[in-house]
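This is what each chain is made of:
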Amino acid sequence: QVLLVESGGGLVQAGGSLRVSCAASGGTFSSYAMGWFRQAPGKEREFVAGINWNGGITLYTNSVKGRFTISRDNAKNTVDLQMNSLKPEDTAVYYCARGKRAVVVASVYGVADWGKGTLVTVSS
């Protein structure tokens, strides 16, 4: 099992930027896809962005395309999510996720390990 620890959440005004990071330990990080999911109050956890094992393929949910960028550093066992032009509807707890396979994970059913999450709040 891989331990995932998120950091970088916080409060930001609409239109601002925030970067959340995830550090992985305890497993073979570079062999698996990684992703970011989020869960807003009263809503189900949803896919935000995913990246395959070597960073060559990325995938985003439509609502964040052009605003968010996912990246990974296999030498440091980290995966980041750069969030620009934030909107109040981006407010949620953001979870780092390790996929069960090397290909991009875009569903909760494809996740092997979860972090505990970091809260991102976007004020209007």
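Residues numbered from 1 in each chain as written. Predicted model: local features only at pLDDT ≥ 70, side-chain atom pairs only at ≥ 80, totals over all residues. Heavy atoms only, no water.

Draft legend 1. View of unusual backbone geometry. Phi is positive for asparagine 77, close to 60°, though the residue is something other than glycine. Positionally, asparagine 77 belongs in the loop between β7 (68–73) and β8 (78–83). Even without glycine at this site, serine 85 takes up a positive phi of about 50°. Relative to the assigned elements, serine 85 resides in the loop between β8 and β9 (92–99). (Helix = DSSP H or I, 4+ residues; strand = E, 2+ residues; numbered from the N terminus.)

Draft legend 2. Expanded view of the sheet that holds β7. Spatially, the 4 strands line up as an open sheet ordered β1-β3-β8-β7, and their pairing is antiparallel. The open sheet has two free edges, formed respectively by β1 (3–7) and β7, since each of these has just one partner strand. The sheet shows a mean angle of 15° between the axes of neighbouring strands, taken without regard to direction. Looking at chain direction, β1 and strand β3 (residues 18–25) are connected through 5 bridges and run antiparallel. Across the sheet, leucine 4 pairs through a bridge with alanine 24, a residue of β3. (Pairing = 2+ DSSP bridges. Axes fitted to C-alpha atoms, helices over the stretch in contact; angles between N-to-C directions.)

Draft legend 3. Fine view of the pattern of salt bridges. Applying the stated criterion across every chain yields a total of 5 salt bridges. A salt bridge links aspartate 80 to arginine 19; the shortest N-O distance between them is 3.1 Å. Of this pair, aspartate 80 sits in strand β8 while arginine 19 sits in strand β3, placing them 61 residues apart in sequence. The salt bridge involving arginine 38 is made with aspartate 90; its shortest N-O contact spans 3.0 Å. (Salt bridge = Lys/Arg side-chain N within 4 Å of Asp/Glu carboxyl O.)

Draft legend 4. Structural view of the nonpolar core. In this structure, Trp36, Val79, Leu81, Met83 and Tyr94 are the most contacted members of the largest nonpolar core, which totals 27 residues. Residue assignment for this core shows that the elements contributing at least two residues are β3, β4 (34–39), β5 (46–51), β7, β8, β9 and β11 (118–123). When near neighbours in sequence (up to four residues on either side) are disregarded, methionine 83 contacts Gly16, Ser17, Leu18, Val20, Arg67, Phe68, Tyr94 and Val120. Core analysis: the second largest hydrophobic core is formed by 6 residues, Phe47, Ala97, Val105 and Val111 among them. (Core = buried A, V, L, I, M, F, W, Y, C linked by side-chain atoms within 4.5 Å. Buried < 20%, exposed > 50% of the residue type's maximum accessible area, 1.4 Å probe, protein only. Contact = heavy atoms within 4.5 Å.)

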